[in-house]
Amino acid sequence: MKQICMFLITLALLTSCGVDQKKYDAQVAKVDSLTKVNAEIQHELEGYKYSPAKVLADIKQNYEKQQYSQIKTNLDLLQKYHPESPEYESAKSIYTQSVKAQEAARKKAEAEAAKAEKERIAKIAPVKRIMEKYDCSEDVAKMILRKKVQIGMTTEQCRAAWGRPDDINRSVGSYGTHEQWVYGSTYLYFEDGVMTSFQD
């Protein structure tokens, strides 16, 4: 770099002193040549920072850790600085394997997601059927599936959850219909077909 600067200064001086065009062109060609050599040297020096063996070792480690994007970065370094090295050929092979591994992982993830969705749909299907049959919310449908009852459920919904009661005591008046359903020692109380309380 110092040599190039010196030549540029020299050229400036020669130009200001009235040197002929041929000599000037020769000096410019020399500077261009030195600039090119300097660039090649810089490239080679940068290449020494990236030892092929070390970069390949990093690539192998990246592959083991499934850090696939880093493999491509390191492969690019080998291609830039050591394209003729055997390490570059090995690295290309590992990169190809990593692309296949990524594709396999993507397909596996998609298959697992599809399976999970299928299981979710299968799991929710009975709930949906109950929701449609008894015109209820998802929470109530899940209660029925778990054989549980709660205040606010209809007589139909309670029968679906607990089955037919041992006995039904009904009273009808101007205030409406009141029912007491007996399940062993547990009593459910309904007003106009809706559970209002229980006793156990």
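Residues numbered from 1 in each chain as written. Predicted model: local features only at pLDDT ≥ 70, side-chain atom pairs only at ≥ 80, totals over all residues. Heavy atoms only, no water.

(A) The arrangement of the overall build of the chain in detail. Per the secondary structure count, the chain includes 7 helices and 4 strands. Sequence-ordered secondary structure for the chain, helices as α and strands as β, is α-α-α-α-α-α-α-β-β-β-β. Relative to its 200 residues, the chain shows a buried fraction of 24%. Counting only contacts in the chain whose residues sit at least 6 apart along the sequence, the fraction spanning at least 24 positions is 35%. (Helix = DSSP H or I, 4+ residues; strand = E, 2+ residues; numbered from the N terminus. Buried < 20%, exposed > 50% of the residue type's maximum accessible area, 1.4 Å probe, protein only. Contact = heavy atoms within 4.5 Å.)

(B) Representation of the sheet that holds strand E3 (residues 186-191). Taking strand neighbours across the sheet as the criterion, the 4 strands line up as E1-E2-E3-E4 in an open arrangement whose pairing is antiparallel. At either margin of the open sheet sits one strand with a lone partner, and together these are strand E1 (167-173) and strand E4 (194-199). Strand-to-strand, the axes of this sheet are offset by a mean angle of 20°, without reference to chain direction. (Pairing = 2+ DSSP bridges. Axes fitted to C-alpha atoms, helices over the stretch in contact; angles between N-to-C directions.)

(C) Structural context of the pattern of salt bridges. Scanning all chains against the criterion turns up 8 salt bridges. Put simply, Glu89 and Lys92 hold a salt bridge, and the shortest N to O gap is 3.5 Å. Placement of the pair is Glu89 and Lys92 together in helix H5 (residues 86-134), with a separation of 3 residues, close to one helical turn. A relative accessible area of 44% places Glu89 in the partly exposed class. In this structure, the salt-bridge partner of Lys142 is Glu138, at a minimum N-O distance of 3.1 Å. Remark: Glu138 and Lys142 occur in helix H6 (residues 138-145); sequence separation between them is 4 residues, near one turn of the helix. Beyond isolated ion pairs, a larger network of salt bridges with shared partners links Glu103, Arg106 and Glu110. (Salt bridge = Lys/Arg side-chain N within 4 Å of Asp/Glu carboxyl O.)

(D) Quick look at the packing of H5 against H6. One can describe the packing of H5 onto H6 by two numbers: an axis separation of 9 Å at closest approach and a directional angle of 110°. In this view, H5 runs roughly perpendicular relative to H6, as classed from their interaxial angle. Residues Ile124, Pro126, Val127, Ile130, Met131 and Tyr134 of H5 form the contact with H6, whose participating residues are Glu138, Ala141, Lys142, Ile144 and Leu145. (Parallel < 35°, antiparallel > 145°, perpendicular 65-115°, else oblique.)

(E) How the structure looks around helix H3 (residues 52-64). Under the 1.5 Å per step criterion, the end-to-end length of H3 is 18 Å for 13 residues, consistent within 8% with the ideal 18 Å. Where H3 is buried, its residues contact helix H4 (68-81) and H5. A positive backbone phi angle near 60° is found at Gln66, which sits one or two residues after H3. (Expected span 1.5 Å × (residues − 1).)

(F) Inspection of the packing of aromatic side chains at higher detail. What the rule picks out here adds up to 3 aromatic pairs. Aromatic side chains Trp162 and Tyr183 sit 5.0 Å apart centroid to centroid with 85° between the ring planes, which places their arrangement in the edge-to-face category. Of this pair, Trp162 sits in helix H7 (residues 155-162) while Tyr183 sits in strand E2 (residues 176-183); the two residues are 21 residues apart in sequence, bridging distant segments of the chain. The class for Trp162 is partly exposed, based on a relative accessible area of 32%. (Phe/Tyr/Trp six-rings, centres within 6.5 Å; stacked < 30°, edge-to-face > 60°.)

(G) Representation of the nonpolar core. By size, the foremost hydrophobic cluster in this structure holds 17 residues, and its most contacted members are Ile144, Val149, Cys158 and Leu188. Per element, the largest residue contribution to this core is 4 residues, and it comes from H5. Of all hydrophobic cores here, the second largest spans 10 residues; its members include Val55, Leu56, Leu75 and Ile94. (Core = buried A, V, L, I, M, F, W, Y, C linked by side-chain atoms within 4.5 Å.)

Any link to function would need more than the numbers given here.
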